[in-house]
Amino acid sequence: HNTHQAFFQEILEDLYLLTDSDKKWVYSYVEFYEQISRLISSTDMRVDLKHDIAESLFDWQRILQYVELPCRILDFGAGCSRQAVSAYFRNSKIIYTAVDSIMASYTIQDLVLSYLKTLNSDFSFYDFLDYEEAGKPFPDISKASPSSSYHVPLWHAESNLPKKFYDVIIASHVHNELSEPDFLRLTRLIDKTLAPDGIVYVCLLYTS
């Protein structure tokens, strides 16, 4: 993810001084996605993660001004689920839901969330497409336990995400990709699922 490659230096300048826990998080994040890259490619190809790291640090330095971990997170247009990994390596007791409609992104999210489960046997993962394929009822997210993640295709989100549940809804780099109907879906999901004291974190274009 290098959406803001041209603004990399400005992002660095806007970061707060990194704490020891921030530095520990960076090492965990890099190691995690190094392993993911090995699962995707049989070559020695590695991903340049510096833009992801800088932006994720920036995101969570801001989010944590308003929300304490562990918390309940809805990630709309979750990309490579970097927000799940970002939160997990700060506190593994999160409850995380990824929503997406793009197959390539959905496939990577499935891999990332499955791999988190392999790292921690206490971390649960439920993919709604798996339940649909098996003909089983969808899990009730409102009854989620700490250390759990859910994967929901956009067309199932409005009817299955719980009311007033999420402490933070993240919409990072999605607005310029959404059709008008999907943008309206996002606004309805915010109205339905955001907890009374929750926040919506929106990142579209970086400005210093």
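Everything in this summary refers to the structure shown in the same document. Given the structure is predicted, the values throughout are model-derived calculations rather than measurements. (Residues numbered from 1 in each chain as written. Predicted model: local features only at pLDDT ≥ 70, side-chain atom pairs only at ≥ 80, totals over all residues. Heavy atoms only, no water.)

### A short note on the nonpolar core
Of all hydrophobic cores here, the largest spans 35 residues; its most connected members are Phe32, Tyr33, Ile63, Ile73, Tyr96 and Val168. Of all the secondary-structure elements, those providing two or more residues to this core are α2 (20-40), α3 (50-63), α4 (82-88), β2 (95-100), α5 (103-119), β5 (166-172) and β6 (194-203). Excluding anything up to four places from it in sequence, Phe32 contacts Val85, Phe89, Val112, Tyr115, Leu116 and Leu119. Membership of the second largest hydrophobic core comes to 20 residues, among which are Ile95, Ile141, Leu161 and Tyr166. (Core = buried A, V, L, I, M, F, W, Y, C linked by side-chain atoms within 4.5 Å. Buried < 20%, exposed > 50% of the residue type's maximum accessible area, 1.4 Å probe, protein only. Helix = DSSP H or I, 4+ residues; strand = E, 2+ residues; numbered from the N terminus. Contact = heavy atoms within 4.5 Å.)

### Observations concerning unusual backbone geometry
Following Leu69, the chain continues to Pro70 via a peptide bond in cis, the omega torsion being 0°. With respect to the helices and strands, Pro70 occurs in the loop between α3 and β1 (72-76). The phi torsion at Ser81 lies on the positive side, around 60°, for a residue other than glycine. Along the chain, Ser81 falls in the loop between β1 and α4. What makes Ser81 buried here is its relative accessible area of 0%. The residue Lys164 is not glycine, and still its phi comes out positive at about 50°. Checked against the element boundaries, Lys164 lands in the loop between α7 (154-160) and β5. Given the relative accessible area of 46%, Lys164 is considered partly exposed.

### Points about the pairing of β6
Along any regular strand, the residues point their side chains to alternate faces of the sheet. Bridging between β5 and β6 involves six bridges; their strand directions are parallel. Its bridge partner lying in β6, Tyr166 is registered against Leu194. Crossover connection from β5 via helix α8 (residues 180-193) to parallel β6: handedness right-handed. (Pairing = 2+ DSSP bridges. Right-handed = clockwise from strand over helix to strand, strands pointing away.)

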